[in-house]
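Descriptive analysis of the structure
Here's the letter readout for the chains.
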Amino acid sequence: MLNAELVGRTFPGVDSTLVTQESIAAFAAVVGETNLEVAPPTYAISITLNQSQTLLQDSGLDWTRVVHGDQRFEIFRPIVAGDSLFCSSTIESARVMAGNEIVSVRSDLHSGSELVVSTWSTLVVRA
Amino acid sequence: MSTFTVGQELAPKVYPINRALLVEYANASGDQNPIHQNEEFAKSVGLPDVIAHGMLTMALAGKYISDVAGPAAVKEFGARFTKPVVVPAGVDTSLVISAKVSAIEVGQIKLDITAMVDDVKVLGMAKATIVTP
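Here we summarise the structure given alongside this text. (Residues numbered from 1 in each chain as written. Chains lettered and ligands numbered in written order. Predicted model: local features only at pLDDT ≥ 70, side-chain atom pairs only at ≥ 80, totals over all residues. Heavy atoms only, no water.)

**Some points on the packing of aromatic side chains**
Rules: Working definition: a ring pair exists when centres of Phe, Tyr or Trp rings (six-membered ring for Trp) sit within 6.5 Å. Plane angles under 30 degrees give stacked, over 60 give edge-to-face, the rest tilted. Starting at the N terminus, helices and strands are each numbered in turn, a helix being any DSSP run of H or I of at least four residues and a strand any DSSP run of E of at least two. The classification of residues rests on relative accessible area computed with a 1.4 Å probe and restricted to protein chains. Under 20% of the type maximum is buried, over 50% is exposed, and intermediate values are partly exposed. As a reminder, the over-ring test applies to NZ of lysine and CZ of arginine, requiring each to be within 6 Å of the ring centre and within 35 degrees of the ring normal.
Summed over the entire model, instances satisfying the criterion amount to two aromatic pairs over all chains. For the ring pair Phe27(A) and Tyr43(A), a centre distance of 5.6 Å and an interplane angle of 70° mean the geometry is edge-to-face. In this pair, Phe27(A) sits in helix α1 (residues 21-31) while Tyr43(A) sits in the loop between α1 and α2 (45-58), placing the two residues 16 residues apart along the sequence. Look at Phe27(A) and Tyr25(B): their rings are 5.6 Å apart centre to centre, the planes differ by 70°, and that puts the pair in the edge-to-face class. Of this pair, Phe27(A) sits in helix α1 while Tyr25(B) sits in helix α1 (residues 19-29), placing the two residues on different chains. Tyr25(B) carries the same exposure label as Phe27(A), and that label is buried. Among the aromatic residues, ring-to-ring pairing joins Phe27(A), Tyr43(A) and Tyr25(B) into one connected group. For Lys13(B), the ring lying beneath its charged end belongs to Tyr64(B), and the centroid distance is 5.6 Å.

Here's what the structure looks like:
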């Protein structure tokens, strides 16, 4: 179970992630995208989900039973190669429904002081 | 750029998903959860077979909406993962994506997206906002 005291807390990212042209190309190749000037719209998840996993595992959540409930992106500008992105994550809510633990996490990707992409993930820990 | 009308239906496209694509997505996204690659493990945790990453389904829907006005035009995109996409070994699972224009606003349109596998919806409340030139 997630430590309930962590709900509402924001965890600043420790390291920035440098977005490479190769990582954009690899993500784009999966979906058949040939425009490599910007990252595909869901590319941010490759940064935010890993950080959420670390954060939630450290907070007591059993990641082996996690399934993704829903996902939303707000893209203020497209991610491009050369961006150095800091990810800060906030546990917005945690509740139990029918034995399943449901946790919502918001992650913000900043380049310097500029907010580039916000993501909201609902993760369900199956009972 | 074509003009849009509210209620306009955009043509469906088919995206084949197979085990090789799941490995490719796992490597590109960093999501190496074994339920998306290892049949034995997937079944051991109560799944019918290997399932696709929900985010792969969403990435393919992201390609669909990128094709409307380019990947840089997507401003908002959200979906619920309502049904797992089962990916058996040795065959392609066909994901069919279509969309309807739900609203036209100044400089942008909103889309309701439908994603189906075997006539079953695999995404719920799938919506996007796209900037139009």
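Still to come is the rest of the account.
**A word on the interface of chain A and chain B**
The following threshold applies: Pairs of residues are marked as contacts when any of their non-hydrogen atoms sit within 4.5 Å. Two parts lose some accessible area (1.4 Å probe) when they are put together, and adding that loss for both gives the buried area. Whenever a nitrogen or oxygen atom comes within 3.5 Å of another N or O atom, the pair is scored as a polar contact, on the condition that within protein one atom can donate a hydrogen and the other can accept it, and that pairs from neighbouring residues in sequence are kept only if both atoms are in side chains. Amino acids are sorted into nonpolar (Ala, Val, Leu, Ile, Met, Phe, Trp, Tyr, Cys and Pro), charged (Asp, Glu, Lys and Arg) and polar (every other residue, Gly among them).
Taken together, the contact between chain A and chain B spans 28 residues of the former and 28 residues of the latter. Summing both sides of the interface, chain A and chain B together bury roughly 2,500 Å²; the carbon and sulfur share of this comes to 61%. One can count six residue pairs in polar contact (both at pLDDT 80 or more) joining chain A with chain B. Of all elements in the fold, only α1, α2 and β3 (66-75) of chain A reach the threshold of two or more residues within the side of chain A that touches chain B. Top element by residues in the side of chain A that touches chain B is β3(A). It accounts for nine residues. For the side of chain A that touches chain B, the class distribution of residues is 15 nonpolar, eight polar and five charged.

None of this, on its own, says anything about what the molecule does.
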